[in-house]
Amino acid sequence: MAQALPSEARNRAATALDSLSRAVHRRFEIDLRALAAFRIAAGLLIITDLVLRARNLRTFYTDAGVLPLEALFSDYSSVYSLHAISGEPWVQAVLFAVAGCFGLALVVGYRTRVATAVSWFLLVSLHIRNPMVLNSGDVLLRMLLFWGVFLPLGERWSIDARRIDRDRSTVASIGTMAVLLQVLLMYATNAIHKTRSDVWMNGDALVEIFQADHLTILLGNVLADQFLLLDIAAYAWMALILLSPLLLVLTGYRRAIFASCFVGMHLGMLVMLRIGLFPLIAVAGLLLFYPTVIWDRLTALATRAGIAPDLRDGLARLQRGAPRLAVPLLPTALETVPSAAAITSRGRVLFSTVVPWLFLALVILSNAEAVAYTDVPDPAEDVLETAQAEQSWRMFAPEPTSDAKWLVVPGELENESEADVFHGSAVNWDRPPSVDETYETARWRKYVSNMRYAGNENHQSYFANHLCGRWNETHETGVERVTVYGLTDRAAPYDDEPDIAEYKLLEYDCSGEFIQNE
């Protein structure tokens, strides 16, 4: 009897551990079709991002722009970027084209792991070339691509799938755990920042944000005066991000419904706020939370609609038409040598298990440091910085933007007349009817915001120097001196009249020193 009790206890413990293991496995497994949809979305986002950035390629990524290589290497200690090998526009154009090709390879799933790794590397390189135009969406995209290197993204709906034995429908690994936790950490960390803000906790945050009409677009401009709706939306968003751990806790249809609430909110942001591709990047990450039951249902719907056969035929033609690269002989030869095979095996384990475990721990530490729960040790900080994996997720938190901000840049011309050399128009000190229209792109808005408030005042000189050069290249009457003013409408949401504050940022002599920030 005495021996039976320990045996029974061991059996119960083993059963409990098995149940726990199955529960964890179920919550961190990802359907291979979800991985395929994520891969396609990521590839399309890379291409779209490149196309959007290309509109300002010369301005943001060449020596004729706002951050020449001279300034980049002077102001940033760690610059390991392919995009920094030259300040010529054609070099940047070639690198953009190469990145686009690898993005396309990701879409069709050709040499998927290589395409993912190279896409991540080129994206990091691009981000390092000009940190002044980056936002949270850029951080999320490069982290999703980083974790994608450790995931079997090419096992479904891809060219690579032609040579893969389909013996599984889902996968659960440290890679799937890391990518799901990455999305959750973004929401959870942002939620902690927001709970430390009275404006967010009392529901007024969106009312204030939507008054900053350098951020609002389309539907956002319509809703700016709908204070009750904005209060309700603020409470709804706070509830969602506070409950974000349910993205992992829930399973099946309940997880899908909860993830769809986030998707709906992000798609709403897309038509209300000028925040670049962030909403679509977040939606791409949320695709990974949709379970097998949803993908089975979508497959059944596609079959009933009669489009499934066409999709299968199109994929088959793509697979037949793609080149088949010969497998290198070296690895095959090495595998005949026991010691070399063992080294290869250990290398695979290191790559697929140890590396993602290490970076997952570092990413969790980085998020904990962002909310002041701990400090990241210096060696870990160096690793995070090198991999561009540092995170803070302060989107509109703790204190959201509430003032509309724009620039006026009067320039003294050679004929003693005056013009706004930033907007290419007459100098106008009145509040623009729509401040968001004063910025050509979301990248321009982000750059101006960082230039205006960044601790490094050199950026204001770089900006003024660029404006001098741009004006003199395109106008017969040159500009001799520019003065950069930042204007802010400080009126409260319920005020009828604007309250304009004017801040003189810099006077710049176009024929003087490159940096003039005294």
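Look up a bit, the structure's there.
Residues numbered from 1 in each chain as written. Predicted model: local features only at pLDDT ≥ 70, side-chain atom pairs only at ≥ 80, totals over all residues. Heavy atoms only, no water.

A. Representation of the nonpolar core. Judged by nonpolar contacts, the single largest core of 142 residues is most densely connected at W147, Y187, F210, F262, V409, Y447 and F463. Examining the composition of this core, we find that 12 residues originate from one element, helix 8 (residues 174–195), more than from any other. Setting aside chain neighbours within four positions, we find V409 in contact with A419, D420, V421, F422, F463, L467, V482, T483 and V484. (Core = buried A, V, L, I, M, F, W, Y, C linked by side-chain atoms within 4.5 Å. Buried < 20%, exposed > 50% of the residue type's maximum accessible area, 1.4 Å probe, protein only. Helix = DSSP H or I, 4+ residues; strand = E, 2+ residues; numbered from the N terminus. Contact = heavy atoms within 4.5 Å.)

B. Up close: unusual backbone geometry. Put simply, A397 and P398 share a cis peptide bond, and its omega is 0 degrees. Following the sequence through the fold, P398 ends up in the loop between helix 20 (378–386) and strand 3 (404–408). Even without a glycine there, the phi angle at R111 is positive, about 50 degrees. Within the secondary structure, R111 sits in the loop between helix 5 (89–108) and helix 6 (112–129). Of note in this structure, W157 is not a glycine but carries a positive phi near 55 degrees. Tracing the backbone through its elements, the reader meets W157 in the loop between helix 7 (136–148) and strand 2 (170–171).

C. Structural detail: the pattern of salt bridges. As enumerated under the stated definition, the model contains 15 salt bridges in all. Ionic pairing is found between E8 and R12, a salt bridge with its closest N-O pair at 2.6 Å. One end of the pair, E8, and the other, R12, are both in helix 1 (residues 4–28), 4 residues apart, so they sit about a helical turn from each other. By relative accessible area, E8 is classed as partly exposed at 36%. Here K504 and E507 are joined by a salt bridge, their closest N and O atoms 2.3 Å apart. For K504, a relative accessible area of 49% gives the class partly exposed. The network of salt bridges with common partners includes D49, R53, D138 and R443. (Salt bridge = Lys/Arg side-chain N within 4 Å of Asp/Glu carboxyl O.)

D. Inspection of the packing of helix 6 against helix 7 at higher detail. At a minimum axis separation of 8 Å, helix 6 and helix 7 run at an interaxial angle of 150 degrees. As summarised for this structure, helix 6 and helix 7 are arranged roughly antiparallel, according to the angle between their axes. Handedness of the crossing formed by helix 6 with helix 7: left-handed. Contacts between helix 6 and helix 7 involve T116, S119, W120, L123, V124 and H127 from the former and D138, L141, R142, L145, F146 and G148 from the latter. For the contact of helix 6 with helix 7, the class distribution of residues is 6 nonpolar, 4 polar and 2 charged. (Axes fitted to C-alpha atoms, helices over the stretch in contact; angles between N-to-C directions. Parallel < 35°, antiparallel > 145°, perpendicular 65-115°, else oblique. Left-handed = near helix turned anticlockwise from the far one by under 90°. Nonpolar A, V, L, I, M, F, W, Y, C, P; charged D, E, K, R; others polar.)

E. View of the packing of aromatic side chains. Inspection of the entire model under this criterion finds 21 aromatic pairs. Through pairs of rings, three or more aromatic residues link up here, namely F60, Y61, F96, F422, W444, Y447 and F463. Positioned above the aromatic ring of Y110 is the side chain of R111, whose terminal nitrogen or guanidinium carbon lies 5.9 Å from the ring centre. Sitting above the plane of the W200 ring, K194 keeps its charged end 4.6 Å from the centroid. (Phe/Tyr/Trp six-rings, centres within 6.5 Å; stacked < 30°, edge-to-face > 60°. Lys NZ or Arg CZ within 6 Å of the ring centre and 35° of its normal.)

F. Spotlight on the environment of V171. On the secondary structure map, V171 appears in strand 2. The spacing of V171 and L151 is 20 residues in sequence and 8.7 Å in space, taken between C-alpha atoms. With residues up to four places along the chain from it excluded, the contact list for V171 reads F28, E29, I30, L32, L35, P152 and T176.

G. Focus on the packing of helix 12 (residues 227–242) against helix 14 (residues 252–270). Direction vectors running N to C along helix 12 and helix 14 enclose 135 degrees, while the axes themselves pass 11 Å from each other. With respect to their mutual orientation, helix 12 and helix 14 come out oblique. Crossing handedness for the pair helix 12 and helix 14: left-handed. Of helix 14, the residues touching helix 12 (which contributes A233, A236, W237, L240 and I241) are F258, C261, F262, M265, H266 and M269. Taken together, the residues of the contact of helix 12 with helix 14 break down into 10 nonpolar, 1 polar and no charged.

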